[in-house]
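# Results of the structural survey
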Amino acid sequence: MPTQTEARLTALASELERAEITYRELAPMADTGLAHDHVWIHRNAGDDWVARLPKQSQMNLPPDENLAYQAACYQRTSPGGHTPTLHGILPPSESLPRGGLLVEAIHGRLATLPEDLPAIARALASLHARPLPSIEARQPLLAPDDPWQAMVNEVHHQSSWLGDAQLSRKVTQRIRQELDLLPPRLSDAKPTLISFDTHPGNFLIQDDGRAILVDLEKCRYGLPGIDLAHTSLYTSTTWDISSQAVLSLGDVIDFYRHWQDTLGITVDTDTLVACRRATWLWSLTWCTKWRAQHINARDAQQRGEDWSAELTDPAVIEHVRDRVEHYLSLPVIDHVHSELQCLQASL
């Protein structure tokens, strides 16, 4: 009986043949995430592609809508020169129930922190500098009228899992205290195109020093401070096993300032710190959600969101479990809270 990886390769080969796409070899890439399988497509012309095969939709979308959303993410960001080009879509089929995307393969090394933070700041600036399209043209990406309120609502929605995550009373209380510190509104809340998933493990550094953000599926029109936070928070820089680092306060301040210098703007400190707190709380409440849901059986109908551990390599699940328990511990919560206070006074 073929393994899950072998079955995926066979299905991908069938769909590539159906689409009349030629190649020399298919090479499965390491299973390192909770949302996609990846296959390196060695092309005859030498311009290799990567097939992104969804395990689930983190946006909780049905297969066709999920592919359209992800395709829009690549199409909107790639003109900035810091994300892969989209080459095609494999529609959902019997062999690939969630379909797949075909994107440019990026040759590069994993980011090293804090050395590569300036390059990452420039990559983020390339997204945030994209012209804001008309309201009608922003679809299918999320484009809330009030991006700050939308972020707060999303965090509070995820916090509903606090009661099912079996946390200690003290941890639950501390998270609720942090939730209460989110301001009702911001004075500087102009939306831009953002990735919403910019932890350092999602960047590759090319030989010329350019940082490429390779994983795009949650883009929206929101607040750029969310991307800055997601890149430099403790819960992000220590997530990926291959690029873990603990940044100093000075590293974080330099990163924010390099981003502002690249764009030639100055963003209100209160706004940047509020976005940082909200992004941290989004990560913490996601941890409670995963803690409650990963024990569920996989969705046999392969529809929308699915955090079942059955979909991912056990070693990856063990790593995620370790990170979730770490981030939901009182010492780490206190550490990030303290950093927020220092950043407010120093940025």
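Refer to the preceding data block for the structure.
Let me begin by describing the structure that accompanies this report.

Rules used in this analysis
For every chain, the first residue of the written sequence is number 1, and numbering continues from 1 onward in sequence order. Selection of residues for local features in this predicted model requires a pLDDT of at least 70, selection of side-chain atom pairs for listing and counting requires 80 or more, and totals for whole chains, interfaces and linings are taken over all residues. Neither water nor hydrogens contribute to the side-chain values; these are computed over all heavy atoms in the structure. We count a stretch as a helix when DSSP gives it H or I for four or more residues in a row; a strand needs E for two or more, and each element gets its number in order from the N terminus. Residue exposure (1.4 Å probe, protein chains only): buried if accessible area is under 20% of the type maximum, exposed if over 50%, otherwise partly exposed. Whenever Lys or Arg places a side-chain nitrogen within 4 Å of a carboxyl oxygen from Asp or Glu, that contact is recorded as a salt bridge. Using a 1 Å grid laid over the protein atoms alone, points where a 1.4 Å probe fits but cannot get out form a cavity; open sets with protein on both sides within 12 Å along at least 5 of 7 lines form a pocket; any residue with an atom within 4 Å of a point counts as lining. Grid points are joined across faces, edges and corners, and a volume is the space filled by probe spheres set on the points. Note on residue categories: nonpolar means Ala, Val, Leu, Ile, Met, Phe, Trp, Tyr, Cys or Pro, charged means Asp, Glu, Lys or Arg, and polar means any other residue, Gly included. If DSSP finds at least two bridges between two strands, the strands pair. Note on contacts: a residue pair qualifies if any of its non-hydrogen atoms lie within 4.5 Å across the two residues. Interaxial angle, 0 to 180 degrees, is taken between N-to-C directions of lines fitted to C-alpha atoms, where a helix line uses only the stretch in contact.

## Side note on the environment of aspartate 180
Note that aspartate 180 resides in helix H5 (residues 169-180). Overall, aspartate 180 belongs to the exposed group, its relative accessible area being 65%. Remark: the alpha-carbon pair of aspartate 180 and arginine 52, spanning 128 residues in sequence, is separated by 38 Å.

## Observations regarding the pattern of salt bridges
Summed over all chains, the structure comprises 15 salt bridges. Put simply, glutamate 15 and arginine 18 hold a salt bridge, and the shortest N to O gap is 3.2 Å. Here glutamate 15 pairs with arginine 18, and both are found in helix H1 (residues 4-18), just 3 residues apart, close to one helical turn. Residue glutamate 15 is classed as buried on the basis of its relative accessible area of 4%. Using a relative accessible area of 61% as the deciding quantity, one classes arginine 18 as exposed.

## Thoughts on the layout of surface pockets
When its volume is computed, the largest pocket comes out at roughly 1,200 Å³. In terms of lining residues, the largest pocket is bounded by 44 residues, among which Thr32, Gly33, His199, Asn202 and Asp215 are the most central. Listing elements by their share of the lining of the largest pocket, those giving two or more residues are strand E2 (36-42), strand E3 (49-54), strand E5 (100-104), helix H7 (234-237), helix H9 (269-293) and helix H10 (314-327). Ranked by the residues each element gives to the lining of the largest pocket, the list is headed by H10, at 5 residues. Class assignment of the residues belonging to the lining of the largest pocket gives a composition of 23 nonpolar, 14 polar and 7 charged.

## Remarks on the sheet that holds strand E8 (residues 203-205)
Neighbouring strands of a sheet are bound in pairs by backbone hydrogen bonds; such pairs are parallel or else antiparallel. If you trace the 3 strands from one edge of the open sheet to the other, you get E6-E8-E9, paired in antiparallel fashion. This sheet does not close on itself; its edge strands, each paired only once, are strand E6 (109-110) and strand E9 (211-213). Relative to E9, E8 is paired through 3 bridges, and the arrangement is antiparallel. Each bridged residue has a counterpart across the sheet, and for phenylalanine 203 the counterpart in E9 is leucine 213. In the packing of helix H3 (residues 117-128) onto the sheet, contacts are made with E8 and E9, and the angle to E9 comes to roughly 50°.

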